[in-house]
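Overview (structure and organization)
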Amino acid sequence: MTAGLARRSRESGLARLAGSPSLRLIGKRVLLAIPILLGVSVLAFWVLNLIPGGAAQQLLGADASQAQIRALEQELGLDKPAPLRYLDWLGGALTGDLGTSVVSGQQVTQMIGSHLAVSGQLVLLAFVISLGAAVPVALLAAFKPNGWFDRLSMLVSITGLSVANYVLAMLLVLVFAVNLTIFPAIGFVPFSENPVRNLHSLVLPALGIAAPLFCMYTRFLRGDLVDQLQGEDYITTARAKGIGPWRVLLLHAFRNSAFGLITVVGLNLGTLIGSTVIIEQIFALPGLGQLLLQAINTRDYMVVQACVVLFAVVTVAANLLADLLYAVLDPRIRYGSR
Amino acid sequence: MAVVESASGAPTTGPPARSRTRDLQITLPAVAIAMIGAACFLGPLVLPIPAPTGGSVLESYLPSFSAGHPLGTDPNGNDILSRILHGGRSSLIITLAVNGLGLVIGGALGALSGHLGGIADTVIMRVLDVLIAFPSLVLVLAVAQSLGPSRTNTILALTFFSVPAFARISRAATLRLREQPFMAAAELCGTSSGRILLRHLAPNVLPQLITFAMLGMGIIIVIEGALSFLGLGIPMPAPSWGNMIAQGQQSLSATPMLVVWPCVALFVTVLAFNLLGESLRSRWSGR
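The numbers attached to residues start from 1 for each chain and follow its sequence in the written order. Chains and ligands are labelled by the order in which they are written, letters from A for the one and numbers from 1 for the other. The model is predicted, so local features are restricted to residues of pLDDT at least 70 and side-chain atom pairs to those at 80 or more, both for listing and for counting; the totals for chains, interfaces and linings are taken over all residues.

Helix and strand labels come from DSSP, where a helix needs a run of H or I of at least four residues and a strand needs a run of E of at least two; each type is numbered from the N terminus. Along chain A, the regular secondary structure elements total 14 helices and zero strands. Of the regular secondary structure in chain A, the N- to C-terminal order runs α-α-α-α-α-α-α-α-α-α-α-α-α-α. When burial is assessed residue by residue, chain A has 35% of its 338 residues classed as buried. Expressed as a percentage of contacts within chain A between residues at least 6 apart in sequence, the contacts between residues at least 24 apart total 70%. Exposure classes come from backbone-placed C-beta atoms, where a residue is buried if 20 or more other C-beta atoms lie within 10 Å of its own, exposed if 12 or fewer do, and partly exposed in between. Any pair of residues counts as being in contact when their C-beta atoms, constructed from backbone geometry, are within 7 Å of one another.

Right under this line is the structure:
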């Protein structure tokens with residue numbers, strides 16, 4: 001009797017918790033993300049199975065005998081049917097074991113861990129640079145729409161968006177590494193070894209990634225700010241109260257536009273991962289992108305599979321986080337449609 | 001293209017000076033694109049330039065503005081101008097094919113998904129969500145590597161990436177249109193689904209898709225370049241801007257122009273497409 005009461009009161013507590021719109025939203029989005037991730041891993045598995053001649057053939061070379069190929073396939077478990085292999089892999093992946101590299105024999109989880117730090121640092125630095133530059137520029141531009149600064153910043157950002165990141169990276173190397181020799185052209189120094197030289201070696205690659213992002217963020221933020229300033233009632237109210245133009249821009253319009261920017265940043269992360277692949281290749285940085293490219297070239301399918309799924313997890317998680325932050329920050333969504 | 005645009009732009013309202021600048025904003029990049037296209041497709045036939053491959057090693061690393069080689073030659077003695085024009089040709093073919101396929105397949109899928117709603121909508125959009133969550137360049141790399149580098153496979157790989165983007169836009173536009181009275185009217189008249197899709201939805205969704213395709217042209221050119229740069233797109237010795245940049249990187253400090261020329265070609269082309277896309281977008285949204 002008492003136990004039943006206790007359970008009921010706990011349930012009602014849980015129910016109250018589950019009834020909160022934010023939490024329900026979070027739960028719904030997380031649940032939606034799971035089938036997407038499963039789909040990505042299945043697709044990756046399927047694409048990798050497309051490799052003509054099979055992985056064992058690729059590893060042994062064209063002139064391997066049938067017996068050799070069969071022996072290796074048995075050793076790698078490749079003779080099992082594909083769905084079974086996928087389930088094997090999924091079971092391992094869920095417990096943190098991404099299998100063993102067929103080329104180096106190392107644990108894939110370990111390989112990824114050591115490369116992840118480099119890519120993570122690169123992306124973080126690129127975010128800091130691009131957002132740090134885009135926010136002040138967009139604010140200045142939106143302060144006087146169609147003023148000279150606005151026109152200049154729009155010209156720069158639309159031009160900048162047309163520069164492919166590898167083109168920009170090449171030009172950066174040409175100017176800063178070859179001609180001026182301020183920064184190293186290639187190579188990476190771990191943070192634990194020498195923090196200053198570590199940053200030094202990451203500046204050019206991070207700039208290569210940050211420049212297009214800066215252009216995108218500036219354009220977006222400026223456009224959104226101008227929309228808010230020109231079309232929204234709360235801005236008129238604020239101005240009517242006699243609040244100064246900078247205060248209106250910073251404390252009223254920017255606070256609202258920041259939500260949109262968060263979403264754009266989150267949605268961008270997927271593209272960003274693509275650009276790290278090519279930037280790491282140009283600057284010879286030992287990051288995930290390089291690991292992936294190497295694995296693709298040596299047909300190290302376990303590593304490719306792990307990288308693809310990891311990238312997808314990051315993309316989905318970033319989108320999810322952007323969605324949720326947006327929902328948590330925007331009261332209309334927090335309390336709105338249930 | 002330029003003529004069509006300015007003709008359809010004639011009835012826009014607003015002050016004439018403003019609309020003339022707007023027209024110019026569309027005409028100029030359109031003319032630039034037409035010129036780039038003409039140079040890449042007709043140039044090699046009309047101009048007296050050598051073949052893009054099979055050059056003599058004796059003529060390697062000639063500087064820009066040499067006799068017979070206005071932009072110089074690459075490490076294999078091939079004419080750079082010729083390689084840029086031929087590379088641009090395959091770049092444009094790939095980009096047009098990818099965007100065309102994306103527009104047709106993605107546009108149809110998105111419109112269908114938005115129009116049908118319910119389970120069909122959920123299934124189609126979830127499948128496309130998977131493709132969107134799949135990091136685009138990684139997907140393209142994996143497909144290119146699985147199928148081997150070639151022009152057809154590059155197109156196939158990149159189409160995987162363009163279809164979901166077009167589908168999302170088409171679906172969003174369809175959902176917005178569904179609220180319009182004329183759609184309800186069409187349905188109340190008992191018009192068949194197919195006819196609604198083709199005669200009522202398509203003409204309204206298509207402008208948005210075409211605008212997106214213009215913006216997408218630049219993106220696809222860049223990604224195709226990236227693929228070739230990584231050795232997974234157009235295989236050497238066939239020319240492409242991406243593999244020319246990669247080849248030039250080997251001797252960046254000695255002969256920087258090997259990198260600069262294809263970079264310039266890439267930049268100008270992408271800029272022209274982006275400007276056109278932007279102007280088209282502001283025209284459509286300005287109405």
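To continue, consider unusual backbone geometry. Across residues other than glycine, the phi torsion is negative in most instances, and most of the peptide bonds are trans. Of note, N146(A) is a non-glycine position whose phi angle comes to about 65°, a positive value. Here N146(A) is to be found in the loop between α6 (108-143) and α7 (148-161).

The next point concerns the interface of chain B and chain A. Taken together, the contact between chain B and chain A spans 34 residues of the former and 37 residues of the latter. Of all the elements in the fold, those that place two or more residues in the side of chain B that touches chain A are α5 (118-133), α6 (136-147), α9 (193-229), α10 (241-249) and α11 (257-286) of chain B. A total of nine residues in the side of chain B that touches chain A trace back to one element, the largest contributor, which is α6(B). Side-chain classes are defined by residue name, with Ala, Val, Leu, Ile, Met, Phe, Trp, Tyr, Cys and Pro counting as nonpolar, Asp, Glu, Lys and Arg as charged, and the others, Gly among them, as polar. Of the residues assigned to the side of chain B that touches chain A, the class counts are 23 nonpolar, eight polar and three charged.

Next up on the list: the UniProt feature "transmembrane region" (unreviewed entry) in chain B. Residues and elements named next belong to chain B. The UniProt record marks residues 26-47, 92-112, 124-144, 209-234 and 254-277 with the feature "transmembrane region" (unreviewed entry), using the residue numbering of this structure. Segment residues 26-47 splits into 91% helix and 0% strand. End C-alpha atoms: 29 Å apart. Taken end to end, residues 92-112 is 100% helix and 0% strand, and its first and last C-alpha atoms sit 29 Å apart. UniProt positions are given in the numbering used here, feature names are shortened, and annotations may be inferred rather than shown by experiment.

All names here are of chain A. Counting through the fold element by element, L155 comes out in helix α7. Its 10 C-beta neighbours within 10 Å are what place L155 among the exposed residues. Separated by 29 residues in sequence, L155 and P184 place their C-alpha atoms 30 Å apart.

Before going further, it helps to examine the nonpolar core. Counting 145 residues, the largest nonpolar core has Y166(A) and C307(A) as its most contacted members. Among all residues touching C307(A), those that are not within four sequence positions of it are L288(A), L291(A), L292(A) and A295(A). To form a nonpolar core, buried Ala, Val, Leu, Ile, Met, Phe, Trp, Tyr and Cys residues must be joined through C-beta atoms within 7 Å.

Across the nine residues that make up α10(B), a large majority, eight, are buried. Residues of α10(B) that are buried include every one of W241(B), G242(B), N243(B), M244(B), I245(B), A246(B), Q247(B) and G248(B), and no others.

As a further point, take the environment of V303(A). Residue and element names in this part refer to chain A. Mapped onto the fold, V303 is located in helix α13 (residues 301-329). Here V303 falls in the buried class, since 27 other C-beta atoms lie within 10 Å of it. Discounting residues that sit within four places of it in the chain, V303 has contacts with S101, V108, M111, L291 and A295.

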